[in-house]
Amino acid sequence: MSILEPNSLLSVPTGQLQISELPPSTVGVDSSPIFFSLVIPTYNEAGNIKAIIRILSTLLDESIPGEYELIVVDDDSPDGTWEVAQSLMLEYPQLRVMRRQDERGLSSAVIRGWQVARGDVLGVIDGDLQHPPHVLLRLLYAIQKGADLAVASRHVEGGGVSSWSFIRRFLSRGAQLLGLIILPNVLGRVSDPMSGYFIVRRNCIVNVTLNPVGYKVLLEVIGRGQVKQIAEVGYVFCERKEGESKVTWKQYLDYIHHLLRLRLSTGYIGRFSQNFPIGRFMRFGLVGLSGVFVDMAVLYLLSDPTTLGLPLTRSKILAGEIAIFNNFLWNDAWTFADVAMQQRSWRQRLKRFLKFNLICLAGLVLNVLVLNLVFNFIIHNRYIANLIAIAIATIWNFWVNLKLSWRVTQVK
Ligand code: GDD
Ligand code: MN
C-alpha cells in the first residue's frame with residue numbers, strides 16, 4: 001500500500017523517545033500544525049474503538065472543528081484493533097492510525113503517537129471508555145486558560161472511582177504513597193499521579209528524552225518536562241464494558257522500577273553523576289595510587305638505614321615531590337590526555353605542572369586538617385580518620401585540577 005492512500009497507516013518512529021519542536025513532515029501527508037493531538041493507546045480494544053472514535057469526534061467537532069487529530073497507537077492487537085481503526089479513517093478524516101509491531105507497552109505507545117502528532121497541545125486517553133470523553137473539554141479549557149498541563153483526576157472535587165474493591169483502592173493509594181516517598185517533587189504536584197488521562201503543551205516536553213517503563217507516562221512528563229502550571233479536573237473512572245484490563249502484577253513492579261529510575265536520573269544524585277566525570281576520576285585515583293608506591297620507594301631509598309640513611313623529613317619532602325611529578329606525568333598523558341593534547345607547548349606543560357603542584361600542596365594541608373578534625377571530633381580512630389581525609393583530599397585534588405590545571409580553554 002502506498003503512503004499516499006487516504007487510509008494508510010502511520011509509520012512508526014524509531015530511536016529515542018523524544019518529541020521535536022515542530023511536527024515531523026511526512027511525504028504525502030499533511031503536516032501543517034494544528035491545535036490538538038489526542039493519542040489513544042490500544043491493545044485488544046476492538047470492541048471499544050468504534051464507540052470511542054465516534055464519541056470523541058462528535059465532541060471535538062463541536063468544540064474545535066478542524067483543529068484536532070486522533071491518533072490510535074495499537075500494538076498489533078491479536079483482535080485486530082488497528083484494522084478496525086483503519087477502516088474508520090474514511091469516515092473520520094481526522095483519525096490517524098499507527099500499528100506497532102516491534103515495540104510494545106503503553107507508555108512508549110503514547111510517546112510514539114506524540115512523535116508523529118501535529119498538535120501544539122498533546123493528550124492521551126484510554127481506549128476503553130473508562131475515561132469519560134466529555135472531561136476532555138474541561139481539560140482543554142484549562143490549557144486555554146494558561147495551564148501547561150491539565151490532568152484528569154479521581155481525587156479532586158467531582159472525581160472518584162465507580163466500584164473499585166477495597167483491595168484495588170488500597171493498592172492504588174499504596175502505590176501513590178510509595179511514589180510520594182521516592183519522588184515527592186513529582187508525585188506531590190498532582191492529586192492523581194497515576195492518571196493516564198491528561199493533556200500537555202508540546203513545548204513543555206520538547207527535546208527531552210523520555211524514558212518510561214510500564215504504564216505511567218504522566219510521571220515522565222512531570223519528572224522530566226518543563227511543566228510550570230498544572231490544572232486538575234475531577235472525573236469518575238468508569239467501569240469497563242468491553243474487553244479487559246491489561247494490568248497485572250508486572251505493572252506494579254514496572255511502576256516501582258520507573259519511580260526509582262526517575263529518582264536516580266532526575267534527583268540530586270542523578271544530576272551530580274551526570275556532571276561528574278567518573279571515568280576521569282577513576283584514572284586520577286589510579287594515578288594517585290601509583291604515586292603512593294613511588295613515594296614509598298623513594299622514601300625507602302633515601303632514608304632507610306640500609307640505603308642512603310638521609311634524615312626523614314628531607315627524604316619525605318623529596319619523595320613527595322617525586323611522587324607528585326610521577327602523578328603529573330601520568331595525569332597529563334592519560335587522565336587528561338584529551339585536554340593536554342590541545343595545549344602541548346612546553347610553557348603550557350610547565351604551567352600545568354606548577355598548578356598541579358600547588359593544588360596538591362593545598363590538598364596535603366587539607367588532608368592534615370581533615371585528619372585532625374575527624375580524629376578529634378568525629379571518629380577517634382586514626383586510620384579511619386586518615387581514610388576519610390585521603391578521600392576528601394583526593395576529591396579536592398581531582399576537582400580543582402580538573403577546573404584549573406587541565407581546563408579546556410575555548411580560545412585557540
Ligand atoms: N498500545 C498499547 N500497548 N496500549 C496498551 C497497552 C500496550 O501494551 N497496554 C494497555 N494499553 C491500552 C489499553 O488498551 C487501554 O486503552 C489503555 O491502554 C489502558 O489500559 P488498561 O489495561 O485498560 O488499564 P487500566 O484501566 O487498568 O489502568 C489505568 O489506570 C489508571 C487509573 O488507575 C491506566 O491506564 C490509566 O490510564 C488510568 O488512568
Ligand atoms: Mn482500562
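In this convention, every chain numbers its residues from 1, walking through the sequence in written order. Written order decides the labels, with chains lettered from A and ligands numbered from 1. In keeping with the predicted nature of the model, local features appear solely for residues at pLDDT of at least 70, side-chain atom pairs appear and are counted solely at 80 or more, and the whole-chain, interface and lining totals rest on all residues. Side-chain measures were taken over the full set of non-hydrogen atoms in the model, leaving aside hydrogen atoms and water.

Caption draft 1: Inspection of the environment of Glu103 at higher detail. Only runs of H or I of at least four residues qualify as helices and only runs of E of at least two qualify as strands under DSSP, and these elements are numbered from the N terminus. When you line up the elements, Glu103 lands in the loop between β3 (95–99) and α3 (106–116). For the pair Glu103 and Val12, spaced 91 residues apart in the sequence, the C-alpha separation amounts to 9.5 Å. Each residue touching Glu103, except ones within four places of it in the same chain, is listed here: Asp75, Ser108 and Arg112. Pairs of N or O atoms within 3.5 Å make up the polar contacts considered here, provided that, within protein, one atom can donate a hydrogen while the other can accept it, and that residues adjacent in sequence are counted only when both atoms are side-chain atoms. A distance of 2.9 Å separates polar atoms of two side chains, one belonging to Glu103 and the other to Arg100. Only 2.8 Å separates the side chain of Glu103 from the side chain of Arg112, close enough to count as a polar contact. By definition, residues are in contact when any of their heavy atoms lie within 4.5 Å.

Caption draft 2: Local environment of the site of ligand 1. Definition of nearness: a residue and a molecule or strand are near each other if at least one heavy atom of the residue lies within 4 Å of the molecule or strand. Near ligand 1 there are 28 residues, and of these Glu45, Asp75, Gly127, Asp128 and Lys246 occur at the shortest range. Here a nitrogen atom of ligand 1 and a backbone polar atom of Val73 are 3.1 Å apart. Interatomic distance of 2.7 Å between a side-chain N/O atom of Asp75 and a nitrogen atom of ligand 1. All accessibility values rest on the Shrake-Rupley procedure with a 1.4 Å probe; residue burial counts only the protein chains present in the view. For ligand 1, whose accessible area on its own is 730 Å², the fraction buried by protein is 95%. Elements with a minimum of two residues in the shell around ligand 1: β1 (34–42) and α3. Charged means Asp, Glu, Lys or Arg here, nonpolar means Ala, Val, Leu, Ile, Met, Phe, Trp, Tyr, Cys or Pro, and polar covers whatever is left, Gly included. The class makeup of the residues in the shell around ligand 1 is 11 nonpolar, eight polar and nine charged.

Caption draft 3: Examining a nonpolar patch on the surface more closely. A surface patch of nonpolar side chains, amounting to about 780 Å² of accessible area, comprises Leu286, Leu289, Val292, Phe293, Met296, Trp330 and Trp334. Elements that contribute at least two residues to the nonpolar patch include exactly α11 (278–303) and α12 (312–335). It is α11 that contributes the most residues to the nonpolar patch, five residues altogether. Summarising the element assignment, Trp330 is placed in helix α12. The patches reported here contain residues having more than 30% relative accessible area and no salt bridge. Joining distances are 9 Å for like charges and 5 Å for nonpolar side chains (Val, Leu, Ile, Met, Phe, Trp, Tyr). Salt bridge, as applied in this entry: a Lys or Arg side-chain nitrogen positioned within 4 Å of an Asp or Glu carboxyl oxygen.

Caption draft 4: The arrangement of the sheet that holds β3 in detail. Two strands qualify as a pair provided that DSSP identifies no fewer than 2 bridges between them. Here we have seven strands laid out as an open sheet, ordered β3-β2-β1-β4-β7-β5-β8, and mixed in their pairing. The open sheet has two edge strands, β3 and β8 (230–234), and neither has a second partner. The average angle at which neighbouring strand axes cross in this sheet is 20 degrees, direction not considered. Relative to strand β2 (residues 68–74), β1 runs parallel, the two being bridged by seven bridges. Note on β2: the bridge partner recorded for Thr42 is Asp74. Axis definition: a line fit to C-alpha positions, over the contact stretch in the case of helices; interaxial angles, taken between N-to-C directions, run 0 to 180 degrees. Here α3 sits on the sheet and contacts β1, β2, β3, β4 (119–124) and β7 (198–201); the angle it forms with β1, its principal contact strand, is near 150 degrees.

Caption draft 5: Highlighting the coordination of the manganese ion (ligand 2). Counted as donors are the N, O and S atoms within 2.8 Å of the metal, or 3.2 Å for Na, K and Ca, while water is not among the atoms, so some sites may look incomplete. Distances from the manganese ion (ligand 2) to its protein donors, Asp128 (OD) and Gln130 (OE1), fall within 2.0 Å. Three labels apply to residues, based on accessible area from a 1.4 Å probe with only protein chains included: buried if under 20% of the type maximum, exposed if over 50%, partly exposed otherwise in between. Of the residues examined, Asp128 reaches a relative accessible area of 5% and is grouped as buried. Owing to a relative accessible area of 10%, Gln130 belongs among the buried residues under this scheme.

Caption draft 6: Seen up close, the pattern of salt bridges. In total, this model carries 16 salt bridges according to the counting rule given. One salt bridge in this structure joins Asp192 and Arg154, with 2.8 Å as the shortest N-O distance. Taken together, the positions of Asp192 in the loop between α6 (184–187) and β7 and Arg154 in the loop between β5 (149–153) and β6 (160–161) put the pair 38 residues apart, joining distant regions of the chain. Residues Asp192 and Arg154 agree in their burial class; the two are buried. Between Lys250 and Asp254 there is a salt bridge; the shortest N-O distance is 2.9 Å. A residue pair is termed a helical-turn pair when its members lie 3 or 4 positions apart in one helix, as Lys250 and Asp254 do in helix α9 (residues 249–266) at four residues. Counted as one network, the salt bridges with shared partners bring together Glu45, Asp128, Arg240 and Lys246.

Caption draft 7: Fine view of unusual backbone geometry. A positive phi angle is found at Leu129, which is not glycine, with a value near 65 degrees. One can find Leu129 in the loop between β4 and α4 (135–144). Backbone geometry at Asn207 places phi at a positive 60 degrees, although glycine is not the residue there. Examined against the element boundaries, Asn207 turns out to sit in the loop between α7 (202–205) and α8 (217–224). With a relative accessible area of 42%, Asn207 lands in the partly exposed category.

Caption draft 8: Structural view of the packing of aromatic side chains. The criterion for an aromatic pair is that two Phe, Tyr or Trp rings (for Trp, the six-membered ring) have centres within 6.5 Å, with stacked assigned to planes under 30 degrees apart, edge-to-face to planes over 60 apart and tilted to the rest. Throughout the structure, instances matching the rule amount to 17 aromatic pairs. Judged by centre distance (5.8 Å) and plane angle (85 degrees), the ring pair of Tyr197 and Tyr235 falls under edge-to-face. Of this pair, Tyr197 sits in the loop between α6 and β7 while Tyr235 sits in the loop between β8 and β9 (236–237), and the two are 38 residues apart along the sequence. Measuring from ring centre to ring centre gives 5.1 Å for Phe281 and Phe398, while their planes differ by 70 degrees; the resulting arrangement is edge-to-face. Of the two residues, Phe281 sits in helix α11 while Phe398 sits in helix α15 (residues 382–405), which places them 117 residues apart along the sequence. This pair shows no difference in class: Phe281 is buried, exactly as Phe398 is.

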